[in-house]
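Next come the chains, spelled out residue by residue.
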Amino acid sequence: NYNERYILTSAFENAEVFYNELIQVHRWAPERARAVLPNALKTELIMTANAEEFEHFFNLRSRGTTGAPHPDIKYLADKALEIFEREKLKYNIVD
């Protein structure tokens, strides 16, 4: 429906304008300014952790050791776990 697409597109465009204004005019850090962006926005996640912390993350968010993880974070954790396991020997991590 044209009206629905127009509303959604307008919301995204306005959010981008406000986001850029907060950063450029008000000197907000990008991570702070993200508060005005919609949840539907694609984003990148950078994590830094040691092997034990990653294992804990995978247990919670991929394997669901404490209950079913949210589908979006499970997808992300499963992909990260695939990469981690493929690269494991490169980091000299021993089970």
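Residues numbered from 1 in each chain as written. Predicted model: local features only at pLDDT ≥ 70, side-chain atom pairs only at ≥ 80, totals over all residues. Heavy atoms only, no water.

Engineer: Quick one: what's the story with the packing of aromatic side chains, residue by residue and with numbers?
Structural biologist: According to the stated counting rule, one finds five aromatic pairs in the structure shown. Residues Phe58 and Phe84 carry aromatic rings whose centres are separated by 5.5 Å and whose planes lie at 65° to one another, so their mutual orientation is edge-to-face. Taken together, the positions of Phe58 in helix 3 (residues 51–61) and Phe84 in helix 4 (residues 71–87) put the pair 26 residues apart, joining distant regions of the chain. Exposure remark for Phe84: the relative accessible area of 17% places this residue in the buried category. One aromatic cluster is present, built from ring pairs that chain together Phe54, Phe57, Phe58 and Phe84. When the ring centre of Trp28 is taken as reference, the NZ or CZ atom of Arg32 above it lies at 3.7 Å. (Phe/Tyr/Trp six-rings, centres within 6.5 Å; stacked < 30°, edge-to-face > 60°. Helix = DSSP H or I, 4+ residues; strand = E, 2+ residues; numbered from the N terminus. Buried < 20%, exposed > 50% of the residue type's maximum accessible area, 1.4 Å probe, protein only. Lys NZ or Arg CZ within 6 Å of the ring centre and 35° of its normal.)

Engineer: Any details on the environment of Glu21? Residues and values, ideally.
Structural biologist: Checked against the element boundaries, Glu21 lands in helix 1 (residues 2–24). For Glu21, a relative accessible area of 35% corresponds to the partly exposed category. The spatial distance from the C-alpha of Glu21 to the C-alpha of Glu52 is 40 Å, given a sequence separation of 31 residues.

Engineer: Before we move on, could you go through the layout of surface pockets and cite the residues and values that matter?
Structural biologist: Approximately 510 Å³ is the volume attributed to the largest pocket. If you go around the largest pocket, you meet 16 residues; those closest to its centre are Leu45, Met47, Leu76, Lys79 and Ala80. Mapped onto the lining of the largest pocket, the elements with two or more residues apiece are helix 3 and helix 4. It is helix 4 that provides the largest number of residues to the lining of the largest pocket, a total of nine residues. Across the lining of the largest pocket, the residue classes tally to 11 nonpolar, one polar and four charged. (1 Å grid on protein atoms, 1.4 Å probe; cavity = no way out; pocket = protein on both sides within 12 Å on 5 of 7 lines; lining within 4 Å. Points joined across faces, edges and corners; volume = space filled by probe spheres on them. Nonpolar A, V, L, I, M, F, W, Y, C, P; charged D, E, K, R; others polar.)

Engineer: Residue-level account of the side chain of Ser62, with values.
Structural biologist: Note that Ser62 resides in the loop between helix 3 and helix 4. Of the residues examined, Ser62 reaches a relative accessible area of 8% and is grouped as buried. Leave out the neighbours within four places in its chain, and Ser62 touches Phe57, Lys74, Ala77, Asp78 and Leu81. (Contact = heavy atoms within 4.5 Å.)

Engineer: Pulling in residues and values, what's your account of the nonpolar core?
Structural biologist: The biggest cluster of nonpolar side chains holds six residues, and these are Phe54, Phe57, Phe58, Ala77, Leu81 and Phe84. With sequence-adjacent residues up to four places away left out, Leu81 is seen in contact with Phe58, Ser62 and Arg63. Ala15, Tyr19, Leu22 and Leu37 belong to the second-largest nonpolar core, a separate cluster that totals five residues. (Core = buried A, V, L, I, M, F, W, Y, C linked by side-chain atoms within 4.5 Å.)

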